[in-house]
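One-letter residues, chain by chain:
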Amino acid sequence: MTEPKYQIRALHTDSTITVYQAYSPEIGLTAARHGRFPAVWQRDRMTWIKPSFLWMMYRCGWGTKEGQEHVLAVEITREGFEWALRHACLSHYEHGLHTDRSTWRRQLKRAPARVQWDPERDLHLQPLPHRSLQLGLVGEAARLYADEWIVSITDVTPLARVIHTHVQGGELDIAQQLLPNERPYPVSDEVMTHLQVGISTN
C-alpha cells in the first residue's frame with residue numbers, strides 16, 4: 001500500500017505524541033534526568049521537533065554527530081502539538097500556493113511555528129517517496145513546549161545504537177521490530193491542507 005505523500009506518522013496515545021530531538025550531553029543528559037530542559041536550553045531560539053524516529057537518526061547520524069550525541073524522545077501533549085500545527089506557517093515559499101512572496105514572509109515572521117516536509121528515511125537512512133513532518137517552534141511556541149507541553153523525556157540513545165548495530169549487521173527484520181510504533185496521527189483534512197499550504201487559518 002502506497003503511503004500518502006504528506007502524512008504525520010508518530011508514536012502517540014490518546015493524550016500524547018512523541019517527538020525526537022538530539023542534543024549534547026550537557027543538555028541531553030540533564031533533560032532526561034529531570035524530565036525538563038535545563039536553564040542552558042535557550043527558549044528564545046528556534047527548536048525543531050521531529051515525530052519520525054528514522055528521520056531523527058538521519059539528522060543526528062544515529063547519535064554520532066557532534067552536539068547531537070544524546071537522542072531524546074520527548075512526550076508532549078497532543079493539545080500542545082495541535083496548537084502548534086494550527087499556528088504554523090510553511091517554512092518556504094511555494095509559488096501557486098501562497099498569494100505572493102511578501103505575504104508569505106509576513107505570515108512566517110509572525111507565526112510561532114513553521115512546517116517543513118522532508119523525505120522520510122528507511123533503515124539505511126535513504127530517502128523514501130513520502131514525506132516526514134518537521135515542526136519548528138519559536139517564541140511563544142518554544143516556551144510553551146519547554147514549560148507546559150512536556151509530559152516526559154527519555155534518552156533513547158541506547159535504542160538508537162542497538163538498532164544501528166542490527167542495520168550494520170544486515171539484520172533488518174530485527175532492526176525493524178525495534179523501531180517505535182509510528183502510526184498515522186489523526187488530524188482533520190482542514191489542518192492537513194493548512195500544513196501543506198502553510199497559510200494560517202487563525
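In what follows, the structure referred to is the one given above.
Residues numbered from 1 in each chain as written. Predicted model: local features only at pLDDT ≥ 70, side-chain atom pairs only at ≥ 80, totals over all residues. Heavy atoms only, no water.

Trainee: Would you mind showing me how to read the packing of helix H3 (residues 78-86) against helix H5 (residues 140-149) here?
Mentor: Working note: a packed helix pair is described by the angle between its axes plus the distance between those axes. Two elements in contact, H3 and H5, have axes whose closest approach is 11 Å; the angle formed by their N-to-C orientations is 175°. It follows that H3 is roughly antiparallel to H5 by the angle criterion. On the side of H3, the interface is formed by Gly 80, Trp 83 and Ala 84, while H5 contributes Glu 140, Ala 141, Leu 144 and Trp 149. When its residues are assigned to classes, the contact of H3 with H5 shows 5 nonpolar, 1 polar and 1 charged. (Axes fitted to C-alpha atoms, helices over the stretch in contact; angles between N-to-C directions. Helix = DSSP H or I, 4+ residues; strand = E, 2+ residues; numbered from the N terminus. Parallel < 35°, antiparallel > 145°, perpendicular 65-115°, else oblique. Contact = heavy atoms within 4.5 Å. Nonpolar A, V, L, I, M, F, W, Y, C, P; charged D, E, K, R; others polar.)

Trainee: What is the right way to look at the side chain of Ser 52 in this model?
Mentor: Among the structural elements, Ser 52 can be located in the loop between strand S3 (47-49) and helix H2 (53-60). Ignoring sequence-local partners within four residues, the contact set of Ser 52 consists of Arg 9, Tyr 20, Glu 120, Ser 132 and Glu 182.

Trainee: Honestly, the nonpolar core in this entry has me stumped. Any pointers?
Mentor: Generally speaking, a soluble globular protein has its nonpolar side chains buried in company with each other. Ranked by internal contacts, the top residues of the largest apolar core, which has 37 residues, are Phe 37, Ile 76, Phe 81, Leu 135, Leu 137 and Tyr 145. Here Leu 137 is in contact with Arg 45, Met 46, Thr 47, Ile 49, Ala 84, Pro 112, Ala 113, Ala 142, Tyr 145 and Trp 149, once residues within four sequence places are set aside. (Core = buried A, V, L, I, M, F, W, Y, C linked by side-chain atoms within 4.5 Å. Buried < 20%, exposed > 50% of the residue type's maximum accessible area, 1.4 Å probe, protein only.)

Trainee: Is there a simple way to think about the sheet that holds strand S8 (residues 150-155) in this case?
Mentor: The strands that make up a sheet pair up through hydrogen bonds in the backbone, lying either parallel or antiparallel. Across the sheet, which stays open at both edges, the 3 strands sit in the order S2-S4-S8 with antiparallel pairing between neighbours. In this open sheet, the two strands that pair with only one neighbour each are strand S2 (16-23) and S8. Each strand axis lies, on average, 25° off the axis of its neighbour in the sheet, ignoring direction. Pairing between S2 and strand S4 (residues 70-77): 8 bridges, direction antiparallel. What sits directly across from Ile 17, in S4, is Ile 76. Against the sheet, H3 contacts S2 and S4, and its axis sits at roughly 95° relative to S4. (Pairing = 2+ DSSP bridges.)

Trainee: Explain the packing of aromatic side chains to me, please; I cannot follow it from the model alone.
Mentor: Think of a pair of aromatic rings as described by two things: how far the centres are apart, and how the planes are tilted against each other in angle. Taken as a whole and assessed by the stated rule, the structure comprises 9 aromatic pairs. Seen in terms of ring centroids, Phe 37 and Trp 41 are 4.7 Å apart; in terms of plane orientation they differ by 15°. Their pairing is stacked. Of the two residues, Phe 37 and Trp 41, neither departs from the other in class, the shared state being buried. Arg 121 extends its terminal NZ or CZ atom over the ring of Tyr 58, reaching a point 3.6 Å from the ring centre. (Phe/Tyr/Trp six-rings, centres within 6.5 Å; stacked < 30°, edge-to-face > 60°. Lys NZ or Arg CZ within 6 Å of the ring centre and 35° of its normal.)

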